[in-house]
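Residue-level listing of the chains:
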Amino acid sequence: KDTGGVLNLAWFELSDFSERADVYSRIPASEYSDQFGTQFFEDGGAYNVGWYDSGDYITYANVNFGSAGTTTSINISYAKGNSGGRVEVMLGGADGAKIGEFSPSNTGGWYNWVGANISLDVDVDGIHDVTFVAKDGSGVLNLAWFEPSV
């Protein structure tokens with residue numbers, strides 16, 4: 001085959017995501033089940049998701065929202081070095097039901113991590129796949145982790 005190489009592989013893991021069985025589990029951005037258009041990068045020993053532009057998405061399988069009324073928001077850790085763009089939070093895939101929306105502010109740099117809270121627009125219970133869809137811009141955010149919250 002071509003001596004120029006085929007791919008650079010940082011890591012590979014098959015998982016049943018059983019660590020997500022608890023409500024309010026913190027989920028690292030790199031532990032996605034499906035994505036389109038994003039890339040991950042290392043910062044401080046953790047892998048984060050970036051290069052997140054309009055139309056790109058990242059899906060996380062088996063997120064536990066608990067019983068009805070248990071989870072009312074999602075906490076995230078993100079960084080952003082520009083202005084503009086927003087994130088729609090969907091149940092299922094990129095075309096699923098919208099449950100929340102977030103317009104990230106410039107944090108002062110692509111590696112300057114801050115916390116934010118995304119309120120859910122609907123009551124979500126049980127275990128679902130959650131998809132974050134970038135809208136209305138390029139460089140919408142870099143994502144370190146998220147967790148369902150009260």
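Residues numbered from 1 in each chain as written. Predicted model: local features only at pLDDT ≥ 70, side-chain atom pairs only at ≥ 80, totals over all residues. Heavy atoms only, no water.

Q: What is the right way to look at the environment of Trp51 in this model?
A: Structurally, Trp51 is set in the loop between strand 4 (46-50) and strand 5 (57-64). Between the alpha carbons of Trp51 and Phe40 there is a distance of 8.0 Å; along the sequence they are 11 residues apart. Discounting chain neighbours no more than four positions away, the residues touching Trp51 are Gly37, Thr38, Gln39, Phe41, Asp56 and Asn142. (Helix = DSSP H or I, 4+ residues; strand = E, 2+ residues; numbered from the N terminus. Contact = heavy atoms within 4.5 Å.)

Q: Is there a simple way to explain the pairing of strand 4 in this structure?
A: Within a regular beta strand, the side chains point alternately toward one face of the sheet and then the other, so they alternate between its two faces. In this sheet, strand 4 lies alongside strand 3 (residues 39-43) in antiparallel orientation, the contact comprising five bridges. Bridge pairing links Gln39 to Gly50 in strand 4. (Pairing = 2+ DSSP bridges.)

Q: I keep staring at the side chain of Asp56 and nothing clicks. Help me out?
A: Examined against the element boundaries, Asp56 turns out to sit in the loop between strand 4 and strand 5. Although Asp56 is buried, it forms no salt bridge, and the closest oppositely charged side chain is Lys135 at an N-O distance of 11 Å. Not counting residues within four places of it along the chain, the set of residues in contact with Asp56 comprises Phe36, Gly37, Thr38, Trp51, Phe132, Val133 and Ala134. (Buried < 20%, exposed > 50% of the residue type's maximum accessible area, 1.4 Å probe, protein only. Lys, Arg positive; Asp, Glu negative; His and termini not counted. Salt bridge = Lys/Arg side-chain N within 4 Å of Asp/Glu carboxyl O.)

Q: For this particular structure, what's the right way to read the pattern of salt bridges?
A: Working definition: two side chains of opposite charge can pair if their charged atoms are close together. Overall, the coordinates contain six salt bridges when judged by the stated rule. For Arg26, the salt bridge goes to Glu147, with nearest N and O atoms at 3.4 Å. One end of the pair, Arg26, is in the segment before strand 1 (27-28); the other, Glu147, is in strand 11 (residues 142-149), and 121 residues separate them in sequence. Residues Lys98 and Glu88 are paired through a salt bridge, measuring 4.0 Å at the closest nitrogen-oxygen approach. Residue Lys98 is located in strand 8 (residues 97-102), and its partner Glu88 is located in strand 7 (residues 86-91); the two are separated by 10 residues in the primary sequence. Lys98 sits in the partly exposed class, given a relative accessible area of 38%. The buried category is assigned to Glu88, whose relative accessible area is 12%. Linked by salt bridges that have partners in common, Arg86, Glu88, Lys98, Glu101 and Asp136 make up one network.

Q: Would you explain the nonpolar core in this entry?
A: Soluble globular proteins: nonpolar side chains tend toward being buried together. Ranked by size, the top nonpolar core spans 27 residues in total, and within it Tyr52, Tyr60, Phe65, Ile76, Phe132, Leu141 and Phe146 carry the most contacts. In contact with Phe146, not counting residues within four places along its chain, are Ser25, Arg26, Ile27, Tyr60, Val63, Ile74, Asn75, Ile76 and Phe132. (Core = buried A, V, L, I, M, F, W, Y, C linked by side-chain atoms within 4.5 Å.)

Q: Which parts of the structure should I look at to understand the sheet that holds strand 8?
A: Sheet strands pair by backbone hydrogen bonding; their relative direction is either parallel or antiparallel. If you trace the five strands from one edge of the open sheet to the other, you get 2-5-10-7-8, paired in antiparallel fashion. Two strands bound the open sheet, and with one partner strand each, they are strand 2 (34-36) and strand 8. Across the sheet, the mean angle separating the axes of adjacent strands is 25° when strand polarity is ignored. Direction of pairing for strand 7 relative to strand 10 (residues 127-135): antiparallel, over a ladder of six bridges. Following the sheet pairing, Arg86 is matched in strand 10 by Lys135. (Axes fitted to C-alpha atoms, helices over the stretch in contact; angles between N-to-C directions.)

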